[in-house]
Amino acid sequence: MTMPAPTVLAFAGSTREGSFNKRLVKIAAAGAREAGAEMTSLDLRDLPMPLFDQDLEVREGLPPNARKFKELLLAHQGLLIASPEYNSAFSGVLKNAIDWASREAPGEAPLACFVGKVAALMSASPGALGGLRGLVHVRLMLSNIRVLVLPEQVAIPRAHEAFSPDGTLKDPKQQAAVERLGARLAHVVTQLAS
Ligand SMILES: Cc1cc2nc3c(=O)[nH]c(=O)nc-3n(C[C@H](O)[C@H](O)[C@H](O)COP(=O)(O)O)c2cc1C
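I will try to describe carefully the structure that is included in this document.

Cut-off values and rules
Residues numbered from 1 in each chain as written. Predicted model: local features only at pLDDT ≥ 70, side-chain atom pairs only at ≥ 80, totals over all residues. Heavy atoms only, no water. Near = heavy atom within 4 Å. Areas by Shrake-Rupley, 256 points an atom, 1.4 Å probe, with all protein chains shown as cover. Nonpolar A, V, L, I, M, F, W, Y, C, P; charged D, E, K, R; others polar. Salt bridge = Lys/Arg side-chain N within 4 Å of Asp/Glu carboxyl O. Helix = DSSP H or I, 4+ residues; strand = E, 2+ residues; numbered from the N terminus. Buried < 20%, exposed > 50% of the residue type's maximum accessible area, 1.4 Å probe, protein only. Phe/Tyr/Trp six-rings, centres within 6.5 Å; stacked < 30°, edge-to-face > 60°. Axes fitted to C-alpha atoms, helices over the stretch in contact; angles between N-to-C directions. Parallel < 35°, antiparallel > 145°, perpendicular 65-115°, else oblique. Contact = heavy atoms within 4.5 Å. Pairing = 2+ DSSP bridges.

**Quick word on the site of the ligand**
Here comes step 1: Every one of the 13 residues lining the ligand counts as a neighbour, but Ser 14, Ser 19, Asn 21, Glu 85 and Ser 125 are closest to it.
Here comes step 2: Protein contacts shield 70% of the accessible area of the ligand, which totals 620 Å² for the unbound molecule.
Here comes step 3: When the residues that make up the shell around the ligand are grouped by side-chain class, the tally is four nonpolar, six polar and three charged.

**Here we look at the pattern of salt bridges**
Here comes step 1: Using the criterion set out here, one finds eight salt bridges in the structure.
Here comes step 2: The partner of Glu 17 in a salt bridge is Arg 45, with the nearest N and O atoms 3.2 Å apart. A residue pair is termed long-range when its members are at least 10 positions apart, and Glu 17 in the loop between strand 1 (7-12) and helix 1 (20-34) and Arg 45 in the loop between strand 2 (38-42) and helix 2 (54-60) qualify at 28 residues.
Here comes step 3: Owing to a relative accessible area of 44%, Arg 45 belongs among the partly exposed residues under this scheme.

**So, the packing of aromatic side chains**
Here comes step 1: Applying the stated criterion to the full structure yields three aromatic pairs.
Here comes step 2: Seen in terms of ring centroids, Phe 11 and Phe 69 are 5.5 Å apart; in terms of plane orientation they differ by 85°. Their pairing is edge-to-face. Taken together, the residues Phe 11 in strand 1 and Phe 69 in helix 3 (residues 64-74) connect sequence positions 58 residues apart. Take Phe 11 and Phe 69: they sit in the same class, and that class is buried.
Here comes step 3: Aromatic pair Phe 52 and Trp 100: ring centres 4.6 Å apart, planes at 65°, arrangement edge-to-face.

**Examining the packing of helix 3 against helix 4 (residues 92-101)**
Working note: a packed helix pair is described by the angle between its axes plus the distance between those axes.
Here comes step 1: With their axes 9 Å apart at the nearest point, helix 3 and helix 4 run at an angle of 80° to one another. On the basis of their axis angle, the class for helix 3 and helix 4 is roughly perpendicular. Across from Ala 66, Phe 69, Lys 70 and Leu 73 in helix 3, the residues of helix 4 making contact are Ala 97, Ile 98, Trp 100 and Ala 101.
Here comes step 2: A breakdown of the residues in the contact of helix 3 with helix 4 according to their chemical character gives seven nonpolar, no polar and one charged.

**Section: the sheet that holds strand 1**
Here comes step 1: Here five strands make up an open sheet; going across it, the order is 2-1-3-6-7 and the pairing parallel. Here the strands that pair on one side only, and so sit at the sheet edges, are strand 2 and strand 7 (148-156). The mean inter-strand angle of the sheet, taken between neighbouring strand axes irrespective of direction, is 15°.
Here comes step 2: In the sheet, strand 3 (residues 78-82) pairs with strand 6 (residues 118-124) via five bridges, with the strands oriented parallel. When the sheet's bridge partners are listed, Ile 81 is paired in strand 6 with Leu 121.
Here comes step 3: Strands in contact with helix 3 are strand 1, strand 2 and strand 3; relative to strand 1, the strand with the most contacts, it is inclined by about 140°.

Distances and angles like these do not, on their own, reveal function.
Structure (structure tokens):
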């Protein structure tokens, strides 16, 4: 019996037009697609959300774009996340989106859009550590909301020099490592679903 294709949502924690993390997650998404995943790519710039405000939530419920983000999470088994490092942690854009999505709708199970998901993490930064320090926090946060985070991850240092104009990484070893990370996520999701 053939297994259904694993479904994977790919996004970066940056809204910046020229974001290195957006470029990076595209490479991992291509690796996952090549390994058989059904991919959806999301640009968080297309889903602007207000800063989380519990009074706003009480008054109006989840903002429409937070609801859309949550629905996207619910509809996918795997998550490919490229996270910029801001002040040794991760971006407010990513945290804010996760905070909104973590809120329960009436009658919904707690953390419904996170429980049972599998995530693979990556980062890119002009700095020497490639955003690695930020991933520590992303991993902890996701684990605490019951996402299974793969031990494999990739950080690309000197990101401003790392990409070719066609969006691939100049270093073939880095390019292969990021594609492999995407493929690994697709395989693990398939294995867990079988
Ligand atoms: C507020 C702020 C804090 C930053 N802090 C760090 C940092 O701690 N470590 C690091 O490597 N880069 C840091 N950077 C640089 C980012 O890695 C860089 O802007 C990167 O390009 C952001 O990701 P993006 O290209 O996906 O938008 C910081 C940038 C900003 C705007």
